[in-house]
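Secondary and tertiary structure notes
Here is how the chains run, residue by residue.
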Amino acid sequence: MSDDIVISVRGLKNAFGEQVVHENLDLDVHRGEILGVVGGSGTGKSVLMRSIIGLQPPVEGEISVFGEPMAHLSESEALEIRKRWGVLFQGGALFSTLTVAENVQVPLREFYPKLDLALMDEIAAYKIIMAGLPADAGPKFPAELSGGMKKRAGIARALALDPELLFLDEPTAGLDPIGAAGFDELTKSLQKTLGLTVFLITHDLDTLYAICDRVAVLADKRVIAVGTIDELLALDHPWIEQYFKGPRGRAAVAAAHAGG
Ligand SMILES: Nc1ncnc2c1ncn2[C@@H]1O[C@H](COP(=O)(O)OP(=O)(O)OP(=O)(O)O)[C@@H](O)[C@H]1O
């Protein structure tokens, strides 16, 4: 597998009992890109992400991350791979009884239990700033934060281990347009400054137009197309056409052009 391919999925099948969610699904994610993953509700975007990060064992197929076939790793090898990615789950998934700083420290405690406490505090403070939160957010509890701040706290936690790869599941869902645009800018600037590869599930057309290098479209249990938005539109596929050229798609194009 080429060094340029960070995630490779081949012939993936996922099912829950009789319900087949994915069948013969193939996908490559290239190093350094922001790949947007779109599809109707229930097409299996989150299940795909969960399969890649090892939370949903596939029925069939091969998934490699950083060139390593995930199904054939020992526990310690899998741990080494997991250290190299960060995940922002849908809704942020913060621990409500922990402060923001303690939430950010969760992966540090899991992977580096012997790390000096002062160093953990320092790393958490740094990640909180990197995520665009004010420094005084550290001692706050999630319930004291706005929706946008919770998402940023989730990003700070996802960045805790200096990942090369970031998984974001609907990061702008529930944010107002200004908050969502701010989050898009944060994602883009993290990708650029840290050289991250980003796997980004979204329904947000503004996000797709503003920051995604390529977009993968899930339908019919597989990835039916992947490419830049212009490449997807050239395919003349009815769902893609309707998705990108419907009223919301047109508004997103106008916003992208207005934003330069
Ligand atoms: N743990 C589970 N047990 C049973 N069925 C599940 C489980 N997780 C997901 N599913 C089913 O798999 C399908 C795909 O779910 P998934 O959450 O991946 O969709 P999605 O594309 O992310 O949807 P949305 O855009 O609405 O978030 C759905 O029909 C869902 O009900």
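Computed from a predicted structure; not experimentally measured. (Residues numbered from 1 in each chain as written. Predicted model: local features only at pLDDT ≥ 70, side-chain atom pairs only at ≥ 80, totals over all residues.)

**Some remarks on the overall build of the chain**
The line we're drawing: Each helix is a run of H or I in the DSSP string that is no shorter than four residues. Each strand is a run of E no shorter than two, and both are numbered from the N terminus. Note that the radius of gyration is over C-alpha atoms, with the globule rule given as 2.2 Å times the number of residues to the power 0.38. With C-beta atoms placed from the backbone, a residue is buried if 20 or more other C-beta atoms are within 10 Å of its own, exposed if 12 or fewer are, and partly exposed between those counts. Two residues qualify as being in contact provided that their C-beta atoms, derived from the backbone, are within 7 Å of each other.
Scanning the chain from N- to C-terminus turns up 10 helices and 10 strands. Here the chain has a C-alpha radius of gyration of 18 Å; the compact-globule value for 260 residues is 18 Å, and the two agree. Summarising its shape, the C-alpha atoms of the chain cover approximately 55 × 45 × 35 Å along the three principal directions. Counting only residues that meet the buried cut, the chain has 40% of its 260 residues in that class. Sequence-distant contacts, at least 24 apart, represent 66% of the contacts inside the chain between residues at least 6 apart.

**As for the site of the ligand**
To keep things clear, this is the line we draw: By definition, a residue lies near a molecule or strand provided its backbone-derived C-beta atom is within 6 Å of it. Residues were grouped as follows: Ala, Val, Leu, Ile, Met, Phe, Trp, Tyr, Cys and Pro as nonpolar; Asp, Glu, Lys and Arg as charged; and all remaining residues, including Gly, as polar.
All residues adjacent to the ligand are Phe-16, Val-21, Gly-39, Ser-41, Gly-42, Thr-43, Gly-44, Lys-45, Ser-46 and Val-47. Looking at the shell around the ligand residue by residue, the classes come out as 3 nonpolar, 6 polar and 1 charged.

**Points about helix α9 (residues 238-245)**
An α-helical segment advances 3.6 residues per turn. Residues three or four places apart therefore align on the same side. Operational definition: The reported arc concerns the directions from the helix axis to the C-beta atoms and nothing else.
Along α9, the positions that sit buried rather than exposed are Ile-240, Tyr-243 and Phe-244. Seen along its axis, α9 keeps its buried residues to an arc of 85°; they face one direction. Exposed side chains of α9 directed beyond 90 degrees from the buried face belong to Pro-238, Gln-242 and Lys-245.

**Remarks on the sheet that holds strand β2 (residues 19-30)**
Just so we agree on the cut-off: A pair of strands is treated as paired once DSSP finds two or more bridges between them. Angular values range over 0 to 180 degrees, each being the angle between N-to-C directions of two axes fitted as lines to C-alpha atoms, with helices fitted over their stretch in contact.
If you walk across this open sheet you meet the 4 strands as β2-β1-β4-β5, and the pairing is antiparallel. Because the sheet does not close on itself, it has two edges, and the strands there are β2 and β5 (68-69). Sitting on the sheet, helix α1 (residues 45-52) is in contact with β1 (5-16), β2 and β4 (60-65), with an inclination near 120° to β1.

**Digging into the UniProt feature "domain: ABC transporter" (unreviewed entry) in the chain**
Counted only if it meets this: UniProt positions are given in the numbering used here, feature names are shortened, and annotations may be inferred rather than shown by experiment.
Here the UniProt-annotated "domain: ABC transporter" (unreviewed entry) positions come out as residues 7-245. For the annotated span residues 7-245, helix accounts for 38% and strand for 26% of the residues, and the straight-line distance between the end C-alpha atoms is 29 Å.

**With respect to the pairing of β1**
As paired strands, β1 and β2 are joined by 8 bridges and run antiparallel to one another. Its bridge partner lying in β2, Ala-15 is registered against Val-20. Between the antiparallel neighbours β1 and β2 lie 2 residues, among them Gly-17 with a positive phi of about 60°. Across 5 bridges, the pairing between β1 and β4 is antiparallel. When the sheet's bridge partners are listed, Lys-13 is paired in β4 with Glu-60.

**A word on the environment of Ala-135**
Mapped onto the elements of the fold, Ala-135 is located in the loop between α4 (117-130) and α5 (147-158). Look at Ala-135 and you get exposed, because 9 C-beta atoms sit within 10 Å. For the pair Ala-135 and Ala-125, spaced 10 residues apart in sequence, the C-alpha to C-alpha distance is 6.8 Å. Residues in contact with Ala-135, not counting those within four places in the same chain, are Ala-125, Ile-128 and Ile-129.

**Quick look at the environment of Pro-58**
Secondary-structure assignment places Pro-58 in the loop between α1 and β4. Sequence-wise, Pro-58 and Leu-12 are 46 residues apart; in three dimensions their C-alpha atoms are separated by 6.7 Å. The contact partners of Pro-58, leaving out residues within four places of it in the chain, are Leu-12, Lys-13, Asn-14, Ser-51 and Ile-63.

**Observations regarding the nonpolar core**
Applied cut-off: For the purposes of this analysis, a nonpolar core is taken to be any set of buried Ala, Val, Leu, Ile, Met, Phe, Trp, Tyr and Cys residues that are connected through C-beta atoms within 7 Å.
Counting 65 residues, the largest nonpolar core has Leu-35, Val-37, Ile-128, Phe-167, Phe-199 and Leu-200 as its most contacted members. Here this core takes 5 residues from α5, the largest share from any one element. The contacts of Ile-128, once residues within four sequence positions are left out, are Val-100, Ala-101, Val-104, Leu-133, Ala-135, Ala-137, Gly-138 and Ala-156.

**Focus: the sheet that holds strand β10 (residues 222-227)**
Read from one edge to the other, the open sheet built from 6 strands follows the order β6-β7-β8-β3-β9-β10, with strand pairing classed as mixed. Two strands in the sheet have a free side with no partner beyond their single neighbour: β6 (85-88) and β10. Recorded for the sheet is a direction-independent mean angle of 15° between the axes of neighbouring strands. In terms of strand pairing, β6 meets strand β7 (residues 165-169) through 4 bridges, oriented parallel. Within β7, the position partnered with Trp-85 by the bridge is Leu-165. Across the sheet, α5 lies against β6 and β7, angled at about 165° from β6, the strand it touches most.

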